[in-house]
Amino acid sequence: MTNLKPRIAHKEEVGKLLKPIVVGGDILAYSYVRELNRAFGIEQTIVLAAADIKMLSTSRFTDYRLIPDVHDAEVLYATLEGIAAEFARENPDIVPMVFGCDDCHARMLSEAKPRLEAAGIVVPYIDFDLLDDITQKRRFYELCEELDIPYPKTWYFDCSDAGPDELPLDELPFPLIAKPSNSAQFQDAEPTVRGWRKIYEIEDAAEMAEVWKSLRESSYNNLMVLQDFIPGGDDAIRTLTTFSNAEGEVRCVSGGVVCLQDHDPTAIGNPLCILGEREDAIVECAKRFVKRVGYCGMANFDIKLDERDGSFRFFEVNTRCGRNTYYMSLGGQNFVELMVRQFVLGEDIPYHEAYEPFIYCCVPAYVLKRSMENESRLAEALGRLHTNKESYPLHYTPDTASHNLWAKIMFMNQIRKFKKFYWDTKGKQLK
């Protein structure tokens with residue numbers, strides 16, 4: 001049983017009393033909005049964003065509010081407290097609930113969880129001490145070692161003044177993957193990092209030396225993680241989302257094969273096409289992890305199949321919904337409904353899995369045909385696209401024509417992006 005007290009007594013009252021607030025303006029933001037409407041009939045979700053993102057601001061289901069400094073923690077907290085106070089004056093039974101879209105949001109909301117809860121806001125994130133612990137890559141891999149969860153061979157180097165001026169390049173195998181130990185801090189440091197990338201694919205020692213120099217000169221002062229490059233294309237990558245109760249027991253799980261990633265250097269690693277597929281080994285590893293740390297709520301794991309030994313190697317845990325968590329809805333479980341049922345209604349959710357055959361797809365079929373190298377996966381993806389009409393999270397028929405137009409523009413713009421960042425650079429030929 002969960003130890004979470006209900007804030008709303010009956011599910012039928014959620015549509016009237018729950019007032020959701022989303023921080024951020026990406027695909028996940030709209031996924032929250034549409035799934036709140038779909039599950040509970042919520043007509044408007046407040047969205048706080050730093051810029052005018054048309055596919056959100058033109059939606060009939062958003063109360064879109066431009067907050068230029070929304071990524072400043074104190075500005076965010078004060079804004080949320082002000083919204084909560086307005087609701088309390090309107091009706092003391094109203095329950096505000098906040099959702100974030102990125103690592104920095106999860107971190108900020110978790111860190112201020114006691115303050116925001118004191119203002120009456122439901123914050124469906126783990127406590128900050130746990131979040132800060134398990135999002136450090138070194139600590140994550142220590143737990144993997146303890147729990148017999150496979151992970152890549154890893155090296156750590158300090159980017160602060162205490163770290164080395166130069167790396168022992170002759171001792172490192174190439175190619176390598178380089179990424180920050182603290183993703184949220186690295187995101188904050190983006191303006192100071194030359195050639196900032198979410199993840200670096202390092203081909204040789206010269207490239208590694210240049211990346212290291214840019215990091216040492218930046219404001220990022222945490223660890224940089226270097227990892228053995230696990231061979232395999234996009235379709236070797238797996239994603240898994242778990243939802244667990246206050247005892248760390250998984251109550252729902254969903255996941256699949258990442259058939260195609262974004263190849264824009266600033267967004268590399270973001271899945272653009274996912275085929276639902278269950279792997280026992282992945283599910284069991286994730287269950288051990290969340291139980292060991294007592295994780296409550298949504299978690300997302302990044303994993304890759306190592307074709308050299310057949311193991312599934314875990315890279316990290318995201319302490320929030322991933323930007324693609326809409327795939328859980330496609331698999332049969334509205335993902336936002338889980339959070340509302342547990343954190344607002346106080347329900348104990350029976351264990352179930354969301355693996356109805358699905359495809360999550362943010363690119364036209366043309367992009368899949370020209371980019372996917374695994375012919376059997378491509379055939380499966382194209383087949384599912386014919387039968388899964390809701391595969392693209394930004395298209396929502398009940399929304400405005402303007403919203404769906406902007407969603408279509410973003411969808412078709414993927415052709416231009418793939419031409420620039422993938423086909424032209426890789427010499428891909430049209431199939």
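The sections below set out a description of the structure shown in this document.

## Some words on the sheet that holds strand E2 (residues 45-49)
Okay, so step 1: Within the open sheet, the 4 strands sit side by side as E3-E2-E1-E4. Their pairing is parallel. The open sheet terminates on both sides in strands that have one partner only, identified here as strand E3 (62-66) and strand E4 (95-100). For this sheet the average axis-to-axis angle between neighbouring strands, irrespective of direction, equals 20 degrees.
Okay, so step 2: Helix H4 (residues 73-90) contacts strand E1 (18-23), E2, E3 and E4 of the sheet and is inclined by roughly 160 degrees relative to E2.
Okay, so step 3: Against the sheet, helix H13 (residues 335-343) touches E1 and E4, its axis set at about 135 degrees to E4.

## Focus on the layout of surface pockets
Okay, so step 1: Taken as a whole, the second largest pocket spans an internal volume of roughly 310 Å³.
Okay, so step 2: In terms of lining, the second largest pocket is formed by 16 residues, of which the most central are Lys389, Ser391, Tyr392, Lys408 and Phe411.
Okay, so step 3: Contributions of two or more residues to the lining of the second largest pocket are made by helix H15 (375-387) and helix H16 (401-426).
Okay, so step 4: For the lining of the second largest pocket, the leading source of residues is H16, giving 4 residues.
Okay, so step 5: In terms of residue class, the lining of the second largest pocket is built from 8 nonpolar, 5 polar and 3 charged.

## What to know about the state of the cysteines
Okay, so step 1: On inspection of all chains with the given rule, the structure shows 0 disulfides.
Okay, so step 2: Distance from the sulfur of Cys159, which forms no disulfide, to the nearest cysteine sulfur (Cys104) is 19 Å.

## Considering helix H11 (residues 280-293)
Okay, so step 1: Between its first and last C-alpha atoms H11 spans 21 Å; for 14 residues at 1.5 Å apiece the expected length is 20 Å, and the two agree.
Okay, so step 2: Considered for burial, the residues of H11 that qualify are Ile282, Val283, Cys285, Ala286, Phe289, Val290 and Val293. Buried residues of H11, seen end-on, are gathered within an arc of 165 degrees and therefore sit on one face of the element.
Okay, so step 3: The elements touched by buried residues of H11 are helix H7 (128-134), helix H8 (137-146), strand E9 (237-244), strand E10 (250-261), strand E12 (297-306) and strand E13 (311-318).
Okay, so step 4: A positive backbone phi angle near 70 degrees is found at Gly294, which sits one or two residues after H11.

## Details of the packing of H8 against H11
Okay, so step 1: Taken N-terminus to C-terminus, the directions of H8 and H11 make an angle of 110 degrees; their axes are 11 Å apart at the nearest point. As far as their axial angle goes, H11 and H8 are roughly perpendicular. Relative to H11, the crossing made by H8 is right-handed. Judged by residue contacts, Arg139, Phe140, Leu143 and Glu146 of H8 engage Phe289, Arg292 and Val293 from H11.

## Quick notes on H15
Okay, so step 1: With 13 residues, H15 ought to run about 18 Å at 1.5 Å a step, and its terminal C-alpha atoms sit 19 Å apart, in line with that.
Okay, so step 2: Of the residues making up H15, those classed as buried are Arg377, Leu378, Ala381 and Arg384. Seen along its axis, H15 keeps its buried residues to an arc of 130 degrees; they face one direction. Seen from the buried face of H15, the exposed residues on the opposite side, beyond 90 degrees, are Glu375, Ser376, Ala379, His386 and Thr387.

## Focus: the packing of H4 against helix H5 (residues 103-111)
Okay, so step 1: One way to put it is that H4 packs onto H5 with a least axis distance of 11 Å and a crossing angle of 65 degrees. Helix-helix and strand crossings are classified by hand; for H4 and H5 the assignment is right-handed. Between H4 and H5, the residues in contact are Ala73, Leu76, Tyr77 and Leu80 and Met108, Leu109 and Glu111, respectively.

## Brief notes about the environment of Asp63
Okay, so step 1: By the element assignment, Asp63 lies in strand E3.
Okay, so step 2: Between the alpha carbons of Asp63 and Phe99 there is a distance of 14 Å; along the sequence they are 36 residues apart.
Okay, so step 3: The contact partners of Asp63, leaving out residues within four places of it in the chain, are Gln44, Thr45, Ile46 and Val47.
Okay, so step 4: A polar side-chain atom of Asp63 sits 2.8 Å from a polar atom in the side chain of Arg65.

## Observations regarding the pattern of salt bridges
Okay, so step 1: All told, the structure shown has 37 salt bridges when counted by the stated rule.
Okay, so step 2: We note a salt bridge from Lys54 to Asp52, for which the minimum N-O separation is 2.9 Å.
Okay, so step 3: On the basis of relative accessibility, which here comes to 39%, the residue Asp52 falls in the partly exposed class.
Okay, so step 4: With a shortest N-O distance of 3.3 Å, Asp133 and Arg139 are connected by a salt bridge.

## Some points on a nonpolar patch on the surface
Okay, so step 1: A contiguous nonpolar patch, built from Leu405, Trp406 and Ile409 and spanning about 280 Å² of accessible area, is present on the exposed surface.
Okay, so step 2: In this structure, Trp406 sits in helix H16.
Okay, so step 3: On the basis of relative accessible area, Trp406 is assigned to the partly exposed category, the value being 32%.

## Focus on empty space enclosed by the protein
Okay, so step 1: Overall, the coordinates contain 3 cavities of 30 Å³ or more when judged by the stated rule.
Okay, so step 2: When its volume is computed, the largest cavity comes out at roughly 150 Å³.
Okay, so step 3: Lining the largest cavity are 13 residues, and of these Asp103, Thr135, Ser183, Ala184 and Thr319 sit closest to its centre.
Okay, so step 4: For the lining of the largest cavity, the secondary-structure elements that each account for two or more residues are H5, helix H9 (183-188) and E13.
Okay, so step 5: Partitioned by chemical class, the residues of the lining of the largest cavity number 4 nonpolar, 5 polar and 4 charged.
Okay, so step 6: Estimates place the volume of the second largest cavity at around 60 Å³.
Okay, so step 7: What lines the second largest cavity is a set of 13 residues, and nearest its centre among them are Pro124, Tyr125, Met298, Arg320 and Met339.
Okay, so step 8: Of the residues contributing to the lining of the second largest cavity, the split by class is 10 nonpolar, 2 polar and 1 charged.

What counts, and at which threshold
Residues numbered from 1 in each chain as written. Predicted model: local features only at pLDDT ≥ 70, side-chain atom pairs only at ≥ 80, totals over all residues. Heavy atoms only, no water. Pairing = 2+ DSSP bridges. Helix = DSSP H or I, 4+ residues; strand = E, 2+ residues; numbered from the N terminus. Axes fitted to C-alpha atoms, helices over the stretch in contact; angles between N-to-C directions. Contact = heavy atoms within 4.5 Å. 1 Å grid on protein atoms, 1.4 Å probe; cavity = no way out; pocket = protein on both sides within 12 Å on 5 of 7 lines; lining within 4 Å. Points joined across faces, edges and corners; volume = space filled by probe spheres on them. Nonpolar A, V, L, I, M, F, W, Y, C, P; charged D, E, K, R; others polar. Disulfide = S-S within 2.5 Å. Expected span 1.5 Å × (residues − 1). Buried < 20%, exposed > 50% of the residue type's maximum accessible area, 1.4 Å probe, protein only. Arc of directions from axis to C-beta. Parallel < 35°, antiparallel > 145°, perpendicular 65-115°, else oblique. Left-handed = near helix turned anticlockwise from the far one by under 90°. Polar contact = N/O pair within 3.5 Å; in protein donor to acceptor, adjacent residues only side chain to side chain. Salt bridge = Lys/Arg side-chain N within 4 Å of Asp/Glu carboxyl O. Patch = residues over 30% accessible without salt bridge, like charges linked within 9 Å, V, L, I, M, F, W, Y side chains within 5 Å. Areas by Shrake-Rupley, 256 points an atom, 1.4 Å probe, with all protein chains shown as cover.

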